[in-house]
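Chain and residue survey
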Amino acid sequence: MPKADAIVPPAVIGFVGLGKMGLPMAQRLVAAGFAVHGFDPVADARAALAASGGVACATASEAAAGAAAVITMLPDGDIVRSVMLGGATPIVAAMEPGGILIEMSSSAPLATRSLGADLAAVGLGIVDAPVSGGVKKAVAGTLSIMVGGAADAIARVPAILAAMGAAVFETGGLGSAHAMKALNNYVSAAGLIAACEAVRIGADFGLDPAVMTDILNVSTGRNNTTENKLKAFILNEAYDSGFGLALMTKDIGIAADLATALDRPAPFSRTVAEFARRALDDLGPTADHTEVDRYLGRLKT
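Described in the following lines is the structure provided in the data block.

Before going further, it helps to spend a moment on the overall build of the protein. Tallying secondary structure elements over the protein gives 16 helices and 9 strands in all. Relative to a compact globule of 301 residues, whose C-alpha radius of gyration would be 19 Å, the protein shows 20 Å and is just as compact. With respect to the principal axes defined by its C-alpha atoms, the protein has extents near 65 × 45 × 35 Å. Across the 301 residues of the protein, 46% fall into the buried class. Contacts in the protein between residues far apart in sequence, at least 24 positions, make up 67% of those at least 6 positions apart. Computed over 22 positive and 28 negative side-chain charges, the inter-centroid distance for the protein is 4 Å.

Structural data, given as structure tokens:
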């Protein structure tokens, strides 16, 4: 594939997936001067993008037509592959040769490498660029973004990523950013489960959960949950962090599966993954719409 210039405003960016994270990310691109053509199956999400100055499209392929880059922000890599390559109107058929996919979903790294090979065969580039920081940072444009891929592909997208994030970390070859994202979410989930269990044990013993949180935050037990979640979402029983339990389960599973694929013993990752799967079974059909803190905050240990 010939080298191409960096993509800068007012280039057209296709954005597929305008959910809790995707919509504010697309809106940050609009604010940065890009022409954002977005698609989501939810009409209200498309309308919100249009109200922000973007272009609402009826299909993913329509959003990709004429775009210098296409961003996917979807639930998992299987869905990304489906919209890129499957169906009657796959995205690849709408993209111009030399176009680039910026895959910002939380996807399995080995599957991302496979997708990259398929895209290269039809003259398209790809970087994986998952994010960390949650909805608030997506709205503020201060996400942390990990990016993996070939050097010439990464060199095309700094202006796009800078519009959505405050920190961008190059992680290596294609799939490396998705690996880093899954491993980060595994570590975060392990800390979340441990913090919730500790608070419930302490409360049963008679400790004040708020005082426990203050002590944890100046002690060696401090983690992202103790600092940012216990008081904000759990102890006050708001349970509205916005991170779905099904998504957490998927991300932990990706990390555990990667360990297996690499023949790397990682028994605790399997323990955490099994806990998350049992939680999904416990909640049943509501799991996709249940925040992690809503379930874990009510743990009985």
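This brings us to the pattern of salt bridges. For the structure shown, the criterion picks out 5 salt bridges. The partner of aspartate 251 in a salt bridge is lysine 250, and the shortest N-O contact between them spans 3.5 Å. Here aspartate 257 and arginine 270 are joined by a salt bridge, their closest N and O atoms 3.0 Å apart. Separated by 13 residues along the polypeptide, aspartate 257 in helix α14 (residues 245-261) and arginine 270 in helix α15 (residues 267-283) bring together distant segments of the chain. For aspartate 257, a relative accessible area of 42% gives the class partly exposed.

This part takes up the pairing of strand β4 (residues 69-72). Residues of β4 alternate between two faces, with Ala69 and Ile71 on one and Val70 and Thr72 on the opposite face, all of them buried. By the bridge criterion, 4 bridges tie strand β1 (residues 12-16) to β4 in an arrangement that is parallel. Considered in β4, the bridge of isoleucine 13 is made with alanine 69. Relative to strand β5 (residues 100-103), β4 runs parallel, the two sharing 4 bridges. Residue pairing for β5: threonine 72 is matched across the bridge by glutamate 103.

Here threonine 72 shows up in strand β4. Of the polar contacts made by the side chain of threonine 72, one reaches the side chain of glutamate 103; its length is 3.0 Å. Leaving out residues up to four positions away in the same chain, threonine 72 has contacts with Val16, Val80, Leu101, Ile102, Glu103, Met104 and Ser105.

Here methionine 104 shows up in the loop between β5 and α6 (109-120). For the pair methionine 104 and proline 130, spaced 26 residues apart in the sequence, the C-alpha separation amounts to 4.2 Å. Ignoring anything within four residues of it in the chain, the contact list for methionine 104 reads Met25, Ile71, Thr72, Met73, Ala129, Pro130, Val131, Ile145, Leu161 and Met164.

α14 packs onto helix α10 (residues 176-205) with a crossing angle of 115° between their chain directions and a minimal axis gap of 8 Å. Like other packed secondary-structure pairs, α10 and α14 cross with a definite hand, here left-handed. Contacts between α10 and α14 involve Ala179, Ala182, Leu183, Asn185, Tyr186, Ala189 and Leu192 from the first element and Met248, Asp251, Ile252, Ile254, Ala255 and Leu258 from the second. Residue composition of the contact of α10 with α14, grouped by class: 11 nonpolar, 1 polar and 1 charged.

The final tally for this structure, using the stated rule, is 1 aromatic pair. Considering the side-chain rings of tyrosine 186 and phenylalanine 268, the 6.5 Å spacing of their centres and the 55° angle between planes classify their relative orientation as tilted. Placement of tyrosine 186 in helix α10 and of phenylalanine 268 in helix α15 is noted, with a sequence separation of 82 residues between them. On the basis of relative accessible area, tyrosine 186 is assigned to the buried category, the value being 16%.

Let us look at the environment of tyrosine 239. Tracing the chain through its elements places tyrosine 239 in the loop between α13 (230-234) and α14. Considering only alpha carbons, one finds tyrosine 239 and valine 139, 100 residues apart in sequence, at a separation of 20 Å. Each residue touching tyrosine 239, except ones within four places of it in the same chain, is listed here: Arg200, Phe233, Ile234, Glu291, Asp293, Arg294, Gly297 and Arg298.

The next subject is unusual backbone geometry. Trans peptide bonds make up the majority, and among non-glycine residues the majority have a negative phi. Of note, the amide linkage connecting proline 9 to proline 10 takes the cis form, showing an omega dihedral of 10°. In this fold, proline 10 is placed in the segment before β1. With phi around 60°, glutamate 237 is a residue other than glycine that occupies positive phi space. The topology assignment puts glutamate 237 in the loop between α13 and α14. Relative accessible area serves as the criterion here: at 57%, glutamate 237 is assigned to the exposed category. Residues other than glycine seldom take positive phi values, yet tyrosine 239 does so here, at roughly 50°. Judged by relative accessible area, tyrosine 239 falls into the buried class, the value being 3%.

So, how was this worked out
Residues numbered from 1 in each chain as written. Predicted model: local features only at pLDDT ≥ 70, side-chain atom pairs only at ≥ 80, totals over all residues. Heavy atoms only, no water. Helix = DSSP H or I, 4+ residues; strand = E, 2+ residues; numbered from the N terminus. Rg over C-alpha atoms; globule rule 2.2 N^0.38 Å. Buried < 20%, exposed > 50% of the residue type's maximum accessible area, 1.4 Å probe, protein only. Contact = heavy atoms within 4.5 Å. Lys, Arg positive; Asp, Glu negative; His and termini not counted. Charge placed at Lys NZ, Arg CZ, Asp CG, Glu CD. Salt bridge = Lys/Arg side-chain N within 4 Å of Asp/Glu carboxyl O. Pairing = 2+ DSSP bridges. Polar contact = N/O pair within 3.5 Å; in protein donor to acceptor, adjacent residues only side chain to side chain. Axes fitted to C-alpha atoms, helices over the stretch in contact; angles between N-to-C directions. Left-handed = near helix turned anticlockwise from the far one by under 90°. Nonpolar A, V, L, I, M, F, W, Y, C, P; charged D, E, K, R; others polar. Phe/Tyr/Trp six-rings, centres within 6.5 Å; stacked < 30°, edge-to-face > 60°.

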